[in-house]
Amino acid sequence: MHIHILGVCGTFMGGLAALARELGHQVTGADRAAWPPMSTRLAELGIDPVVGFDPAQLEARPDLVLVGNVMSRGMPIIEALLDSDLKFMSGPEWLGREVLPGREVIAVTGTHGKTTTASMAAWLLHEAGLDPGFLIGGAPGNFGRTARLGGGRHFVIEGDEYDTAFFDKNAKFLHYRARTVVINNIEHDHVDIYPDPEAVLWQFHLLLRRVPGGGRVIVNGADANIGSLLRMGCWTPVERFSVAPEAQAEWRAERLEGARARFAGLSGEARGELALPGAHNLSNALAALAAAHAAGVSLKRACKALGAFLPPARRLQLLGRYAEDGAHGEGAPGIALFDDFAHHPSAIRATLEALKQDYGRVLAVLEPASNSMRSGAHLAALPSALESAAHVWLAPSGSLEWNPAEEFSALERLTPCADAVEAAQAAAAFAQPGDAVVFMSNSGASGGARLLAAALSEVSFGASGDSGLRR
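### Quick notes on the sheet that holds strand β7 (residues 133-135)
Then, in step 1: Taken in spatial order, the ten strands of this open sheet run β8-β7-β9-β6-β12-β13-β14-β15-β16-β17, and their pairing is mixed. Two strands close off the open sheet at either side, each with one partner strand: β8 (147-148) and β17 (268-273).
Then, in step 2: Judged from the three bridges that link them, β7 and strand β9 (residues 154-158) form a sheet pairing that is parallel. From the neighbouring strand, Leu135 faces β9, where its bridge partner is Ile157.
Then, in step 3: Running over the sheet, helix α5 (residues 114-127) touches β6 (104-109), β7, β8 and β9 and is turned about 165° from β9.
Then, in step 4: The strands touched by helix α6 (residues 197-208) are β6, β12 (180-183) and β13 (216-220); relative to β12, the strand with the most contacts, the crossing angle is about 160°.

What follows is the structure, encoded as structure tokens:
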């Protein structure tokens, strides 16, 4: 079968391309642009995406067109598709029909932490010899691919609450018929789709209505919105996890020294190593351990596997260290550069707080690229989310519906910039040995992390410790 994918360079749709190729289908695709890591993954699959959505690409008469949620009515290719007799459906619908039947689906959901938690869960099942299939909305560090069919009965999927397609405005995760559902947290996001928090809760409520009574619902016991969700109705046994001592939970964790952590749950207690910093990543790990336990993996075995877990790309990913030129003596610290997907005030706060634990100063380049951020829906929460940063350079992505200079005129630690190039140059010139610099955006289109790496590679320090950009 020839499957043509519209929006193939998205992490989800690109993952579907990988699964379709594993199933033996001919796969083609198109997107507005192609950039790493998905362009690299697609090239490895032998897929060379068409750049742009010219209706002429439908003249090849594919047997099926999978429509990503980046597509909308009024686009010439969509109007041509609707006027044709070509078969089409959404990516989640195809996945639910062609890949997931007969599998024991573990869906990892929530506003934050889905990619990391789903990657962890898949890794723990893999290390336990269960050979899971998976589809992750990112690039898992341990697998080198975003999706695989796997030979076992389990399938781990990142369950996105964003809408499915222009003809299906319900959440993607409603198509997966998950038997185990993890809910990390629930906040109001995707304001272009959900006008208020109640609209988001309703989608999660519809999800819980689909989980069988013999399944498992694993939730963050410290999240008030999840508490409200459960009161709306739940017909499946619930297990709670939390790193907050005051929360009621069957699964708990605490940091010990260094990367060591202690985990306790329904099957006892075990210790493991977690290299990822921050309380949010400890919570992600706890959720993954509970999901692995639901699949039959012992806590002790899962904790052992946790020590070898590698974070997904762009999830507080350390890209390198710069300016380690010995100007301040043997072993003097350089400047650490991180790339993070943080796209919501809560995620931004968690990232900055995690880095603050290990670095004297945290410098951030923030690119408000999501629809919610660009619309200004999270403006009120941003100042407090940035408190752990010594300074922030704001690099607009596309058109903002608000003026950074006006909105943050009283925030001395934030500097609005014209673009990512200016922000990268300014942050690099400001950085000192021992600092952490982090690029935060849910988009990689501007190449902000790459621009920072290039700028930091030009930084040198004099004997006084003053920095400068080499020219």
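### Some thoughts on the pairing of strand β19 (residues 335-340)
Then, in step 1: The buried fraction of β19 amounts to six of the six residues, a majority that puts the element mostly inside the structure.
Then, in step 2: Every second residue of β19 is oriented toward a common face, with Ile335, Leu337 and Asp339 on one face and Ala336, Phe338 and Asp340 on the other, all of them buried.
Then, in step 3: Summarising the sheet, strand β18 (residues 317-322) and β19 pair through five bridges and their orientation is antiparallel. The partner of Tyr322 across the bridge, within β19, is Ile335.
Then, in step 4: The sheet contact formed by β19 and strand β23 (residues 435-440) spans five bridges and is parallel. Residue pairing across strands places Asp339 opposite Phe439, the latter belonging to β23.

### Regarding the packing of helix α1 (residues 11-22) against helix α4 (residues 91-98)
Then, in step 1: One way to put it is that α1 packs onto α4 with a least axis distance of 10 Å and a crossing angle of 35°. At the point where α1 passes α4, the crossing takes the left-handed sense. Judged by residue contacts, Phe12, Met13, Leu16, Leu19 and Ala20 of α1 engage Gly91, Pro92, Trp94 and Leu95 from α4.
Then, in step 2: Classifying every residue of the contact of α1 with α4 by side-chain character gives eight nonpolar, one polar and no charged.

### Notes on the sheet that holds strand β5 (residues 88-90)
Then, in step 1: Strand order in this open sheet of five strands is β3-β2-β1-β4-β5, and the pairing throughout is parallel. If you trace the sheet from one side to the other, it starts and ends with β3 (50-51) and β5, each paired once.
Then, in step 2: In this structure, strand β4 (residues 64-67) lies alongside β5, joined through three bridges in parallel fashion. In the strand pairing of β5, Val67 is matched with Ser90.
Then, in step 3: Of the strands in this sheet, β1 (2-6), β2 (26-31) and β4 touch α1, which is tilted by about 170° from β1.
Then, in step 4: Across the sheet, α4 is in contact with β1, β4 and β5; its angle to β5 comes to roughly 90°.

Thresholds, definitions, all that
- Every residue gets a number counted from 1 within its own chain, in the order that chain's sequence is written.
- Per-residue local features of the predicted model are confined to residues with pLDDT of at least 70, and side-chain atom pairs are confined, for both listing and counting, to 80 or more; whole-chain, interface and lining totals are unaffected and use all residues.
- Excluding hydrogens and water, the side-chain values take into account all heavy atoms of the structure.
- DSSP calls a pair of strands paired once it identifies at least 2 bridges connecting them.
- For the purposes of this entry, the term helix denotes a DSSP run of H or I that reaches at least four residues, the term strand denotes a run of E that reaches at least two, and both are numbered from the N terminus.
- By definition in these notes, contact holds between two residues if any of their heavy atoms fall within 4.5 Å.
- In this analysis, axes come from line fits to C-alpha atoms, helices being fitted only over the stretch in contact, and the angle between any two N-to-C directions falls in the range 0 to 180 degrees.
- Only protein chains enter the calculation, and the probe is 1.4 Å; a residue is then buried if its accessible area is under 20% of its type maximum, exposed if over 50%, and partly exposed in between.
- Whether a crossing is left-handed or right-handed is set by the direction in which the near helix is turned from the far one by less than a right angle, anticlockwise for left-handed and clockwise for right-handed.
- Ten residues, namely Ala, Val, Leu, Ile, Met, Phe, Trp, Tyr, Cys and Pro, are considered nonpolar, four, namely Asp, Glu, Lys and Arg, are considered charged, and the remaining ones, Gly among them, are considered polar.

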